[in-house]
Amino acid sequence: HEKRRKLSHVGIFNDTIFDAVHRELTLREGLRNAISKNQLYLVYQPLICSVTGKVWSFEALLRWHFEGEEVSPVDFIPIAERSGRINEIGMWVLSTACNNAANWVDKSVAISVNVSVIQLMEDNFIEQLDKVLATSGLAPERLHLEVTESVFADNKQKLSEQVNAIKSRQVAVSIDDFGTGFSSLSQLQLLHFDHIKIDRSFINNLDSTGEPIIRATLLIAGEFGCKTIAEGVETENQATRLKAMGVDCLQGYYYARPEREESLGRWFDTEK
Ligand code: C2E
Ligand code: MG
Ligand code: MG
Ligand code: MG
C-alpha cells in the first residue's frame with residue numbers, strides 16, 4: 001500500500017491503472033511456474049460434421065488454475081505472448097493434446113490445437129512440431145493447427161514459409177476467428193489455409209448482418225478449396241440455418257461445452 005500511495009502521488013497512476021498493472025505482473029509471475037506446478041490443463045470441445053452429425057475433431061482449449069481462480073485464456077495468453085512464455089506454454093499444449101489424441105480409441109477424430117502467431121514464427125517451431133509428432137505417434141493428418149491473426153505478423157514471407165512447412169507434413173492449418181483479424185482476406189491470398197473458422201460474432205448476428213457475411217465467406221472458402229467451420233453455435237435454430245447454408249462443421253455450446261478428457265468417451269465411435 002505504501003507503493004500504491006507513492007505511485008498515486010506521481011499523479012499518472014490512478015487505482016484502475018494500478019490494479020491492471022498489478023494484475024498483469026501477478027499473472028506474468030504466476031505463468032513462470034504454471035507448467036512445473038501442474039496448474040495448466042486442457043479441456044476439449046467437439047466440432048461436429050454437418051452432414052454426418054459425428055465428431056470431426058476436438059479443439060483443445062487451455063485452462064489455468066492459479067491461486068484458487070480459473071484464469072481465462074483471453075486474459076493470460078496475451079500476457080504469455082508479451083512476456084516471452086508463449087512458446088513454452090504452446091509446446092506444452094501441443095504435446096499434451098497430441099499425446100492424448102494419439103491414445104483415443106476412435107482414430108478418425110482429429111485434434112485442433114490453437115497456436116499463437118508468435119509461437120508459429122519461432123525458428124524452431126517446425127523442429128518442435130516434428131518432435132511432438134514423432135513422440136506421440138499421432139498421424140499428422142489428425143492434427144489441425146488453429147491460427148488467429150491476433151498479433152500482426154510483420155514478416156509475411158516467414159509466416160507463409162512456416163505455414164507451408166506445416167502443410168508439407170500433412171498437418172492442416174485453420175484460420176481462426178475469420179473476419180475479425182487484421183487482414184483476413186489478404187491472409188487468404190498469402191497463406192494456404194485448409195479450414196476457415198467463421199468468427200462467433202457472425203453466428204451471433206445471424207438475424208442481421210451475420211447471414212450475408214457468412215454466405216460471402218462460404219463463397220470465398222469455395223474458391224480457395226477451404227472447409228468451413230462455424231464457432232459459437234448456441235441454438236438449434238442457428239445450427240439448422242448454418243447447415244442449410246452449407247457450413248461443413250459446427251461447434252458451440254448447443255452441441256457441447258469444453259470438457260475434461262475423461263468425459264469424451266461418449267463421442268467416440270468404437271466400431272471403427
Ligand atoms: P478460440 O480458439 O476462438 O476458441 C473459442 C472460444 O469460444 C473458447 O473460449 C470456447 O470455450 C468458447 N466457446 C465455444 N463455444 C461457444 C459458444 O457456443 N458460445 C460462446 N459464447 N463461447 C463459446 P476459451 O476457451 O475461453 O478460449 C478463448 C480464446 O483463447 C480462444 O479462442 C483462443 O484464441 C485462446 N486460446 C485458448 N486455448 C489456447 C491455447 O492453447 N493456445 C493459444 N495460443 N490460445 C488459446
Ligand atoms: Mg480456436
Ligand atoms: Mg475461434
Ligand atoms: Mg473466437
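Structure first, text after, so check above.
Residues numbered from 1 in each chain as written. Chains lettered and ligands numbered in written order. Predicted model: local features only at pLDDT ≥ 70, side-chain atom pairs only at ≥ 80, totals over all residues. Heavy atoms only, no water.

(A) Seen up close, the site of ligand 1. Lining the immediate surroundings of ligand 1 are 21 residues, of which R63, D176, R200, E234 and Y253 lie closest. One of the side-chain N or O atoms of R63 is found 2.8 Å from an oxygen atom in ligand 1. Between ligand 1 and R200 there is a distance of 2.9 Å, counted from an oxygen atom to a side-chain nitrogen or oxygen. Considering ligand 1 on its own, with 810 Å² of exposed area, one finds that the protein chains cover 85% of that surface. Residue assignment for the shell around ligand 1 shows that the elements contributing at least two residues are β2 (55–66), α3 (73–82) and β6 (172–178). It is β2 that contributes the most residues to the shell around ligand 1, four residues altogether. Tallied by class, residues from the shell around ligand 1 come to nine nonpolar, five polar and seven charged. (Near = heavy atom within 4 Å. Polar contact = N/O pair within 3.5 Å; in protein donor to acceptor, adjacent residues only side chain to side chain. Areas by Shrake-Rupley, 256 points an atom, 1.4 Å probe, with all protein chains shown as cover. Helix = DSSP H or I, 4+ residues; strand = E, 2+ residues; numbered from the N terminus. Nonpolar A, V, L, I, M, F, W, Y, C, P; charged D, E, K, R; others polar.)

(B) Structural detail: α3. Listed in full, the buried residues belonging to α3 are F76, I79, A80 and E81. Turning to α3, the residues buried within the fold contact α2 (15–32), β2, β3 (69–71), α4 (86–102) and α5 (117–120). Of the residues flanking the end of α3, it is G84, one or two places downstream, whose phi is positive at about 75°. (Buried < 20%, exposed > 50% of the residue type's maximum accessible area, 1.4 Å probe, protein only. Contact = heavy atoms within 4.5 Å.)

(C) Quick look at the coordination of the magnesium ion (ligand 3). All of the protein donors around the magnesium ion (ligand 3) are D176 (OD), D177 (OD) and E231 (OE); their distances to the metal are 1.9 to 2.4 Å. All donors of the magnesium ion (ligand 3) belong to a single chain; written as a sequence motif, their spacing is D-D-x53-E. A separation of 3.8 Å is found between the magnesium ion (ligand 3) and the magnesium ion (ligand 2), both of which receive a donor from D176. Among the residues examined, D177 registers a relative accessible area of 22% and is labelled partly exposed. (Donors = N, O, S within 2.8 Å, 3.2 Å for Na, K, Ca; no water.)

(D) Structural view of the coordination of the magnesium ion (ligand 4). The coordination sphere of the magnesium ion (ligand 4), as far as protein atoms go, consists of D177 (OD) and E231 (OE), spread over 2.3 to 2.8 Å. Relative accessible area serves as the criterion here: at 11%, E231 is assigned to the buried category.

(E) A look at the state of the cysteines. In the structure shown here, the tally under the stated rule is zero disulfides. No disulfide involves C98; its nearest neighbouring cysteine sulfur is the one of C249, lying 19 Å away. Residue classification places C98 among the buried positions, given a relative accessible area of 0%. Cysteine C249 remains unbridged, with the sulfur of C49 as its closest cysteine sulfur at 5.5 Å. A relative accessible area of 0% means that C249 is categorised as buried. (Disulfide = S-S within 2.5 Å.)

(F) Region of interest: the packing of helix α10 (residues 206–224) against helix α11 (residues 236–245). With their axes 11 Å apart at the nearest point, α10 and α11 run at an angle of 30° to one another. Looking at the two axes, α10 sits roughly parallel to α11. Judged by the sense of rotation from one axis to the other, the crossing of α10 with α11 is right-handed. Across the interface between the two elements, L206, D207, E211, I214, R215 and L218 of α10 pack against Q238, R241, L242 and M245 of α11. Looking at the contact of α10 with α11, its residues break down into five nonpolar, one polar and four charged. (Axes fitted to C-alpha atoms, helices over the stretch in contact; angles between N-to-C directions. Parallel < 35°, antiparallel > 145°, perpendicular 65-115°, else oblique. Left-handed = near helix turned anticlockwise from the far one by under 90°.)

(G) Layout of the pairing of strand β4 (residues 110–115). In terms of burial, β4 is largely enclosed, as five of its six residues are buried. Pairing of β2 with β4 involves four bridges; the strand directions are parallel. Bridging from a neighbouring strand, F58 pairs with I111 of β4. In the sheet, β4 pairs with strand β5 (residues 143–147) via five bridges, with the strands oriented parallel. Bridge assignment links N114 to a residue of β5, and that residue is E146. (Pairing = 2+ DSSP bridges.)

(H) Local environment of helix α6 (residues 125–136). In this model, α6 (twelve residues) spans 16 Å end to end at C-alpha, consistent with the 16 Å of a helix rising 1.5 Å per residue. Within α6, the full set of buried residues consists of F125, I126, Q128, L129, V132, L133 and S136. Buried positions in α6, seen along its axis, are confined to an arc of 160° and lie on one side of it. Facing away from the buried side of α6 by over 90 degrees, the exposed positions are E127, K131, A134 and T135. Where α6 terminates, the next one or two residues include G137, which has phi positive at roughly 75°. (Expected span 1.5 Å × (residues − 1). Arc of directions from axis to C-beta.)

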